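Below are the chains, spelled out letter by letter.
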Amino acid sequence: MTIHENVLRVQAAIEAACSRVHRDPAGVRLVAVSKTRPVTDVEAAAAAGVQHFGENRVEESQIKIPAVASPVSWHMIGHIQSRKAKAIPGLFQWVHSVDSVALAERLSRLAVEQGTTLDVLVQVNVSGEETKGGLEAVGWEGQPAVREQVMQDMQRLVALPGLHVQGLMTMAPIVDEMEQARPVFASLSALRETLRQTLNVPLPELSMGMTDDYPVAIEEGATMLRIGRAIFGERPVEP
Ligand SMILES: *Cc1c(COP(=O)(O)O)cnc(C)c1O
């Protein structure tokens, strides 16, 4: 399978999932996750029509992004160490992995200093896995204290200059069957709805769904899919 064929296959699967739940495929953005992949692979996916690319490491992005000639948008999807945040506003248009108020404040300050703005998504942990970063929201449906903390944090984030908070992102746990990820996606979607109503902010984007579970994520309302292996093939084991 070539990258071009993979892109067409993923786009067809996106359309099929959309039609099952009567959604317009135009409301679902494919972010091709090109981490560990060379510039030539990015160009191949861009030639097949992909307009958005995701990376998870600052150093790799600093080399790769300036080397890509196609006019694409770049999305930071990995954890950002505070000492590396400085590089983000000049490289990326989107950050999906705003996982703390402290990071948001830092990115806000840097964006303002650099005279730019960033579209950001707030990463939320709704699955309870220790390894998944983000605002702690496990059990938010039943626990008022958890809900209140998320509300307070979001209220601070949406007020920061230089950042446009566009929505929420989550990582589902790795499961055998994609159906098992559905409750996590449904929970993020419901949290977005609650935040919209309480904070009176639009939050149009939900970044959820990867190679193994994106059809279910679409059914639960995803507007951004972060898909790597289905487009570029298996990755070498990450260090
Ligand atoms: C690597 C990665 C993805 C893509 O995973 P695939 O299984 O290759 O589709 C999505 N989101 C994040 C945060 C990632 O690090």
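Scroll up to find the structure.
Not measured: the values here are computed from a predicted model. (Residues numbered from 1 in each chain as written. Predicted model: local features only at pLDDT ≥ 70, side-chain atom pairs only at ≥ 80, totals over all residues. Heavy atoms only, no water.)

Enquirer: Teacher, can you tell me more about the layout of surface pockets here?
Expert: The gaps of empty space that remain are located by a probe, the size of a water molecule, rolled over the atoms. There is about 660 Å³ of room inside the largest pocket. Lining the largest pocket are 26 residues, with Lys35, Lys132, Met171, Met210 and Arg226 positioned closest to its centre. A class-by-class count of the residues in the lining of the largest pocket yields ten nonpolar, eight polar and eight charged. The space that makes up the second largest pocket amounts to roughly 200 Å³. (1 Å grid on protein atoms, 1.4 Å probe; cavity = no way out; pocket = protein on both sides within 12 Å on 5 of 7 lines; lining within 4 Å. Points joined across faces, edges and corners; volume = space filled by probe spheres on them. Nonpolar A, V, L, I, M, F, W, Y, C, P; charged D, E, K, R; others polar.)

Enquirer: For this particular structure, what's the right way to read the packing of aromatic side chains?
Expert: How two aromatic rings sit relative to each other is set out by the distance from centre to centre and by the angle between their planes. Applying the stated rule across the entire model yields one aromatic pair. Taking the centre distance of 5.6 Å and the plane angle of 40° together, the rings of Phe53 and Trp74 count as tilted. Of this pair, Phe53 sits in strand β2 (residues 52–55) while Trp74 sits in strand β3 (residues 73–76), and the two are 21 residues apart along the sequence. Taken individually, Phe53 and Trp74 each receive the classification buried, so the pair is uniform in this respect. (Phe/Tyr/Trp six-rings, centres within 6.5 Å; stacked < 30°, edge-to-face > 60°. Helix = DSSP H or I, 4+ residues; strand = E, 2+ residues; numbered from the N terminus. Buried < 20%, exposed > 50% of the residue type's maximum accessible area, 1.4 Å probe, protein only.)

Enquirer: When you look at the pattern of salt bridges in this model, what are you seeing that I'm missing?
Expert: Where charged atoms of side chains with opposite charge meet at close range, the side chains can pair. Counted by the stated rule, this structure contains twelve salt bridges. Glu219 is paired through a salt bridge with Arg182; the nearest N and O atoms lie 2.7 Å apart. Of the two residues, Glu219 sits in helix α8 (residues 214–219) while Arg182 sits in helix α7 (residues 182–199), which places them 37 residues apart along the sequence. Residue classification places Glu219 among the partly exposed positions, given a relative accessible area of 22%. The shortest N-O distance in the salt bridge between Glu193 and Arg196 comes to 3.0 Å. Note that Glu193 and Arg196 are positioned in helix α7 at a spacing of three residues, about one turn of the helix. (Salt bridge = Lys/Arg side-chain N within 4 Å of Asp/Glu carboxyl O.)

Enquirer: Where do I start with the side chain of Glu55 in this structure?
Expert: Tracing the backbone shows Glu55 in strand β2. Since its relative accessible area comes to 0%, Glu55 is described here as buried. Of note is the side chain of Glu55, whose polar atom sits 2.7 Å from the side chain of Ser34. Dropping the residues within four chain positions of it, Glu55 is found in contact with Ser34, Lys35, Glu60, Ser61, Lys64, Trp74, His75, Met76, Ile77, Gly78 and Phe92. (Polar contact = N/O pair within 3.5 Å; in protein donor to acceptor, adjacent residues only side chain to side chain. Contact = heavy atoms within 4.5 Å.)

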